[in-house]
Amino acid sequence: GQQLNQSPQSMFIQEGEDVSMNCTSSSIFNTWLWYKQDPGEGPVLLIALYKAGELTSNGRLTAQFGITRKDSFLNISASIPSDVGIYFCAGPEGNKLVFGAGTILRVKS
Amino acid sequence: DGGITQSPKYLFRKEGQNVTLSCEQNLNHDAMYWYRQDPGQGLRLIYYSQIVNDFQKGDIAEGYSVSREKKESFPLTVTSAQKNPTAFYLCASSRRQGGSSGANVLTFGAGSRLTVL
């Protein structure tokens, strides 16, 4: 099936830093979704994108639907400790949703 | 409040035993899904169902079985044929795929962690 390449695989953040991650696919999507998963919990939807070029914000989070429709980006501004977790991108493949492998955000000690 | 309830949260199983994970939703969603999560591998689809009494295999269905007798319920059985069942299992639901925007959005349960002893 379709594979989504998500990068980076993991990153360390310091409170106050901006964070960027991205997701690419080999085929065109008409929807991009970004989820966050806290440890031991299910993923929760952060942002949904439905149109190429669309830029959508949710508080300190901003996501963009790439103009080629094969990529998407998620930015977190002024990170805080509760931003740690796993961030997944996802897109539809037929009547299923496929997920990237996730970007793990950890806090620098 | 509407949502998805998975139970149990933690489950231990001896080798050779079948176990069933429960998933119930009150969102009036048509479609339901089971994913398996292993460290560093993201979410892999086991089975999905778009309508009552019908379901399809996902990417890693071997060693698992499901039923969809009611719209609200989609239990997953991990059989003894599953060679490496220790994992975190996530159930999700959505409005029927395709059609209007928003239909692809999945709502997840809190997950069930299965450990084989």
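We now turn to the structure provided with this report. If you're wondering where the values come from, they're calculated on a predicted model, not measured in any experiment.

### Brief notes about the environment of P75(B)
- Mapped onto the elements, P75(B) comes out in the loop between β7 (64–66) and β8 (76–78).
- Ignoring sequence-local partners within four residues, the contact set of P75(B) consists of T20(B), L21(B), W34(B), S65(B), V66(B) and S67(B).

### Quick notes on the sheet that holds β8(B)
All names here are of chain B.
- On the basis of which strands lie adjacent, the open sheet formed by 4 strands has the order β1-β3-β8-β7 and antiparallel pairing. The open sheet terminates on both sides in strands that have one partner only, identified here as β1 (4–7) and β7. For this sheet, the mean angle separating the axes of adjacent strands, direction not counted, is 20°.
- In the sheet, β1 pairs with strand β3 (residues 19–25) via 4 bridges, with the strands oriented antiparallel. Following the sheet pairing, I4 is matched in β3 by Q25.

### A look at the packing of aromatic side chains
- Summed over all chains, the structure comprises 11 aromatic pairs over all chains.
- Taking 5.9 Å as the distance between ring centres and 65° as the angle between the ring planes, the aromatic pair formed by Y64(B) and Y89(B) counts as edge-to-face. Of this pair, Y64(B) sits in strand β7 while Y89(B) sits in strand β9 (residues 87–94), and the two are 25 residues apart along the sequence. There is no split in this pair, since Y64(B) and Y89(B) are both buried.
- Through pairs of rings, three or more aromatic residues link up here, namely Y35(A), F88(A), F99(A), Y33(B), Y35(B), Y48(B) and F108(B).
- Sitting over the face of the ring of F74(B), R68(B) holds its NZ or CZ atom 6.0 Å from the ring centroid.

### Points about the layout of surface pockets
- Estimated volume of the largest pocket: approximately 430 Å³.
- If you go around the largest pocket, you meet 23 residues; those closest to its centre are I86(A), I104(A), Q37(B), P39(B) and G40(B).
- Secondary-structure elements contributing two or more residues to the lining of the largest pocket are β9 (85–93) and β11 (103–107) of chain A.
- Ranked by residues supplied to the lining of the largest pocket, first place goes to β9(A) with 3 residues.
- Each residue belonging to the lining of the largest pocket can be placed in one class, and the counts come to 9 nonpolar, 10 polar and 4 charged.

### Things to note about a nonpolar patch on the surface
Residues and elements named next belong to chain B.
- Side chains of Y10, F12 and L117 sit close together on the surface and give an oily, nonpolar patch of about 400 Å² of accessible area.
- Mapping F12 onto the fold places it in strand β2 (residues 10–13).
- For F12, a relative accessible area of 54% puts it in the exposed group.

### Description of the nonpolar core
- Counting 21 residues, the largest nonpolar core has M21(A), W32(A), W34(A), L74(A) and L105(A) as its most contacted members.
- Looking at this core, the elements with two or more residues in it are β2 (10–13), β3 (19–25), β4 (32–37), β5 (44–49), β7 (61–65), β8 (71–76) and β9 of chain A.

Here is what the cut-offs are and how they apply
Residues numbered from 1 in each chain as written. Chains lettered and ligands numbered in written order. Predicted model: local features only at pLDDT ≥ 70, side-chain atom pairs only at ≥ 80, totals over all residues. Heavy atoms only, no water. Helix = DSSP H or I, 4+ residues; strand = E, 2+ residues; numbered from the N terminus. Contact = heavy atoms within 4.5 Å. Pairing = 2+ DSSP bridges. Axes fitted to C-alpha atoms, helices over the stretch in contact; angles between N-to-C directions. Phe/Tyr/Trp six-rings, centres within 6.5 Å; stacked < 30°, edge-to-face > 60°. Buried < 20%, exposed > 50% of the residue type's maximum accessible area, 1.4 Å probe, protein only. Lys NZ or Arg CZ within 6 Å of the ring centre and 35° of its normal. 1 Å grid on protein atoms, 1.4 Å probe; cavity = no way out; pocket = protein on both sides within 12 Å on 5 of 7 lines; lining within 4 Å. Points joined across faces, edges and corners; volume = space filled by probe spheres on them. Nonpolar A, V, L, I, M, F, W, Y, C, P; charged D, E, K, R; others polar. Patch = residues over 30% accessible without salt bridge, like charges linked within 9 Å, V, L, I, M, F, W, Y side chains within 5 Å. Areas by Shrake-Rupley, 256 points an atom, 1.4 Å probe, with all protein chains shown as cover. Salt bridge = Lys/Arg side-chain N within 4 Å of Asp/Glu carboxyl O. Core = buried A, V, L, I, M, F, W, Y, C linked by side-chain atoms within 4.5 Å.

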